[in-house]
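These are the residues of each chain, in order.
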Amino acid sequence: MPRRTVWHPFTQHALEDNVPTITRGKGAWLETDDNRRIFDAISSWWVITHGHRHPAIVAAVKDQIDKLDQVIFAGFTHESAEKLAEKLVAITPVGLEHVFFSDSGSTSVEVAIKMALGYWRNIGHPRSRIAALEHGYHGDTIGTMSAGARGVFNAAYEPLLFDVIRIPFPHAGREQETFDALEAACRETPVAAFIAEPLIAGAGGMLMYSSAALAEMKRICERYGALFIADEVMTGWGRTGTTFACNQAGVTPDILCTAKGLTGGSMPLAATLATSRIYDAHYSEDRARTLFHSSSFTANPVCCAAALANLEIWENEPVLDRIAKVSEMQEQNLTALVESSSRFLNPRRIGTITAVDLDVADGGYLAAAGPALRAHFLAQGILLRPLGNTIYVMPPYCATGPDLSLVYEAIRSIP
Ligand SMILES: *Cc1c(COP(=O)(O)O)cnc(C)c1O
């Protein structure tokens, strides 16, 4: 394989050389420089919600860049960020009242962890133990890898990762094990915060659990004073059928992380939302209690304008109806797929996301099937990127019935 100047993420360049050049995106489709069309069945890595280049988002970006491209956000503010923060507080679970901007899902989680530790230190009862749900994925920085599941993707960095208390995943029928472990962990050492992806562990294999389990985990945290961090980086913005996954459990986390679909997937922006309890613990005439976090592009105006346009789309267009329709089509396709062959195991769906496990001898992320599957799908004009032997479909909400038929036909025709 030729060596490449560009070093791609999660890519073994010695083995993967088929890297199409994408020239355009429109709706749920991508176009290559050699005029192929590819259906974006994973929303360009879980970010695109309404489709590529939604006109309202494109217009907002153009309008904003003509006025203000970037400005320091410490000691200064701008209208797009102010309006966006108001709208975020209104659309997220009741009780989240303060918005801290950053630029990726990983940084939104780093900020959440720093907010939690800052809270305990500032109220004079330092706690630093983090509990995390098994199979979690929270990003690829050292802190977020520490909170996330360990595996081949972070083995080299393991010596630098901090210890967390791992809470077993609340698989259906085994939820009590989770509750008992969480309770035991909280009793053993005071837990600063418990972090979980609500309702579905995404990168961990599209593993789903009940809203009742989510609500109970939150109750246990409350009982022991542990802060509950909901990582909604993937689950937010309708993926699970509701605007946020926490809505299904009637849960307001102490801290909520959002990124990916925050701008409709068009621009990099993230936000960490907190209750007034967290904010107030940092609000002080003592400078030492400041939330010491910043990145150069915090609340970049163009990204904020894109996010604001996204929120207006949520207000003005029947987004939840589209989500319901995509969810229903997904369910029908999944049922038909599983009926067509016994090699598709553990069919599952939450909202717009479906997943099945392909019956292969060698499971796990490095399953030899992975690259071959990707190549098969690409040859059919479909962008799918299985997690090991788990094939999942997470389309933008503009996906049509015929689009999804193509996707499931490609899955059915795996050699
Ligand atoms: C993708 C993801 C992240 C990391 O977001 P980046 O923008 O890639 O840094 C964090 N948490 C969850 C649940 C994710 O799915």
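Since the structure is predicted, the reported quantities are computational estimates derived from the model, not experimental observations.

## Overview of the sheet that holds strand E12 (residues 270-275)
Read from one edge of the open sheet, seven strands run E4-E12-E11-E10-E7-E5-E6, paired in mixed fashion. The open sheet has two edge strands, strand E4 (96-102) and strand E6 (165-167), and neither has a second partner. On average, each strand axis in the sheet is tilted by 20° relative to the strand beside it, whichever way the strands run. In this sheet, strand E10 (residues 227-231) lies alongside strand E7 (residues 191-196) in parallel orientation, the contact comprising four bridges. From the neighbouring strand, Phe194 faces E10, where its bridge partner is Phe228. On top of the sheet, helix H4 (residues 105-122) reaches E4, strand E5 (129-133), E7, E10, strand E11 (255-258) and E12; it is set at about 25° to E12, its chief contact. Taken strand by strand, helix H6 (residues 175-188) contacts E5, E6 and E7, and its axis lies near 160° from that of E6.

## Observations regarding unusual backbone geometry
If a residue is not glycine, its phi is most likely negative; likewise, a peptide bond is most likely trans. The backbone of Asn35 sits at a positive phi, close to 60°, despite the residue not being glycine. Turning to its location among the elements, Asn35 is positioned in the loop between strand E2 (29-32) and strand E3 (37-40). For Leu199, which is not a glycine, the phi torsion comes out positive at approximately 70°. Tracing the backbone through its elements, the reader meets Leu199 in the loop between E7 and strand E8 (200-201).

## Some thoughts on the site of the ligand
Trp46, Ser104, Gly105, Ser106, Tyr137, His138, Gly139, Glu197, Asp231, Val233, Met234 and Lys260 make up every residue found near the ligand. In this structure, a nitrogen atom belonging to the ligand sits 2.7 Å away from a side-chain N or O atom of Asp231. A distance of 2.7 Å separates an oxygen atom of the ligand from a polar side-chain atom of Lys260. Compared with its free state, where it exposes 380 Å², the ligand has 82% of that area covered by protein. When atom positions are compared with the pocket grids, the ligand is found to occupy the largest pocket. In terms of residue class, the shell around the ligand is built from four nonpolar, five polar and three charged.

Rules behind the numbers
- Counting restarts for each chain, with residues numbered from 1 along the sequence as it is written.
- For this predicted model, a pLDDT threshold of at least 70 governs which residues receive local features, and a threshold of 80 or more governs which side-chain atom pairs are given and counted, while totals over whole chains, interfaces and linings are taken from all residues.
- Water and hydrogen atoms were dropped before computing side-chain values, which therefore reflect all heavy atoms in the structure.
- Two strands are said to pair when DSSP picks up at least two bridges between them.
- For helices the rule is a DSSP run of H or I covering at least 4 residues; for strands it is a run of E covering at least 2, with both sets numbered from the N terminus onward.
- To get an axis, a line is fitted to the C-alpha atoms, and for a helix only the part in contact is used. The angle between two axes follows their N-to-C directions and goes from 0 to 180 degrees.
- The contact criterion used throughout is that any non-hydrogen atoms of two residues lie within 4.5 Å.
- Near is defined per residue: the residue qualifies when any heavy atom it owns lies within 4 Å of the molecule or strand.
- Polar contacts, as counted here, are pairs of nitrogen or oxygen atoms within 3.5 Å of one another; within protein the pair requires one atom able to donate a hydrogen and one able to accept it, and residues that are adjacent in sequence qualify only if both atoms are side-chain atoms.
- In these tables, accessible area is a Shrake-Rupley quantity obtained with a 1.4 Å probe, and a residue counts as shielded only by the protein chains included in the view.
- Within this scheme a cavity is a closed region of a 1 Å grid, computed over the protein atoms alone, that accommodates a 1.4 Å probe without allowing it to escape, whereas a pocket is open but has protein on both sides within 12 Å along at least five of seven lines; lining residues each have an atom within 4 Å of a point.
- Think of it this way: a molecule belongs to a cavity or pocket when more than half its atoms come within 2 Å of the grid points there.
- In this count, Pro and Cys sit with the nonpolar residues alongside Ala, Val, Leu, Ile, Met, Phe, Trp and Tyr, while Asp, Glu, Lys and Arg are called charged and the others, Gly among them, polar.

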